[in-house]
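Chains, contacts and geometry: an overview
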Amino acid sequence: TKSWQIGGAFLHRRADRLLRMMERLTKEHGGPYEHAYFQVVSGTDAFEAGRWREACDHCDIGTRILREQCRAVAWEIVTSEGFALSALAQMGQLAEMARRLPRVAANAQERGDLYAQLCFNAGFPNLVWLAQDQPERARQLADDSMRRWPSTAAFDIEQYLYLIAALHVDLYVGDARGAWRRINEVWPKVQRALLLTMESP
């Protein structure tokens, strides 16, 4: 089958137009939630384009507004913080990740938020533990979070975050064969998912 990808010059221009429209509408009619959501959307757009610093800055602004001025926005905060942490990882700012991660991970645990636990214990934030030479802890946190997540037939974002963390640990401990087996086992599901069509570098 022919592979395809969401991205390219046309869709970049379209995204820019939509962001400008969203910014205008937010300034004219938006309250705190809309202003925060615009920042988070701008951050995720920058992340997908590989503009890591911009992504982190936008998400940090969005998170601050959500925390200080909005209510019942747990999902939005977790998503925003997750993108900010992942952007820090892409920039190699692991010390800043390590500073931020304990607070948000502990909050996710206290609230019993399974989505938040996967966002902060797997994916790119999981690299914090490898940077501290703690691969066993990195694997345990990712495994425990994934074990509690409801099993689905589809390859969803949560399984993607777990796969990133698990592969990083496999490679860190020198288990290239294990990493190869792991990716081959899930590859049929991965190919049917939309995640690989995203342009994020």
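Read on for an overview of the structure. (Residues numbered from 1 in each chain as written. Predicted model: local features only at pLDDT ≥ 70, side-chain atom pairs only at ≥ 80, totals over all residues. Heavy atoms only, no water.)

So, on to the overall build of the protein chain. Scanning the protein chain from terminus to terminus reveals 10 helices and 0 strands. Reading the secondary structure of the protein chain in the N-to-C direction produces α-α-α-α-α-α-α-α-α-α. Here the C-alpha atoms of the protein chain give a radius of gyration of 18 Å, agreeing with the 17 Å that 2.2 N^0.38 yields for 201 residues. By principal-axis analysis of the C-alpha atoms, the protein chain measures approximately 55 × 45 × 30 Å. Here the protein chain holds 201 residues, and 40% of them are scored as buried. (Helix = DSSP H or I, 4+ residues; strand = E, 2+ residues; numbered from the N terminus. Rg over C-alpha atoms; globule rule 2.2 N^0.38 Å. Buried < 20%, exposed > 50% of the residue type's maximum accessible area, 1.4 Å probe, protein only.)

In this section: the environment of Tyr172. With respect to the helices and strands, Tyr172 occurs in helix H9 (residues 157-172). For Tyr172 and Gly30, which are 142 residues apart along the polypeptide, the C-alpha to C-alpha distance reads 46 Å. Among residues more than four places away in sequence, those in contact with Tyr172 are Leu130, Asp133 and Pro135. Here Leu130 takes part through its backbone oxygen, which lies 3.4 Å from a polar atom of the side chain of Tyr172. (Contact = heavy atoms within 4.5 Å. Polar contact = N/O pair within 3.5 Å; in protein donor to acceptor, adjacent residues only side chain to side chain.)

Outside of glycine, negative phi angles account for most residues, and trans bonds account for most peptide bonds. Look at Ala72: it is not a glycine, yet its phi comes out positive at around 55°. Residue position: Ala72 is located in the loop between helix H3 (52-69) and helix H4 (74-90). For Asp133, which is not glycine, the phi dihedral falls at a positive 60°. Tracing the backbone through its elements, the reader meets Asp133 in the loop between helix H7 (127-131) and helix H8 (135-148).

Take the side chain of Asp170 next. With respect to the secondary-structure elements, Asp170 resides in helix H9. For Asp170, a relative accessible area of 2% corresponds to the buried category. For Asp170, the residues in contact, after removing those within four places along its chain, are Arg139, Asp175, Gly178, Ala179 and Arg182.

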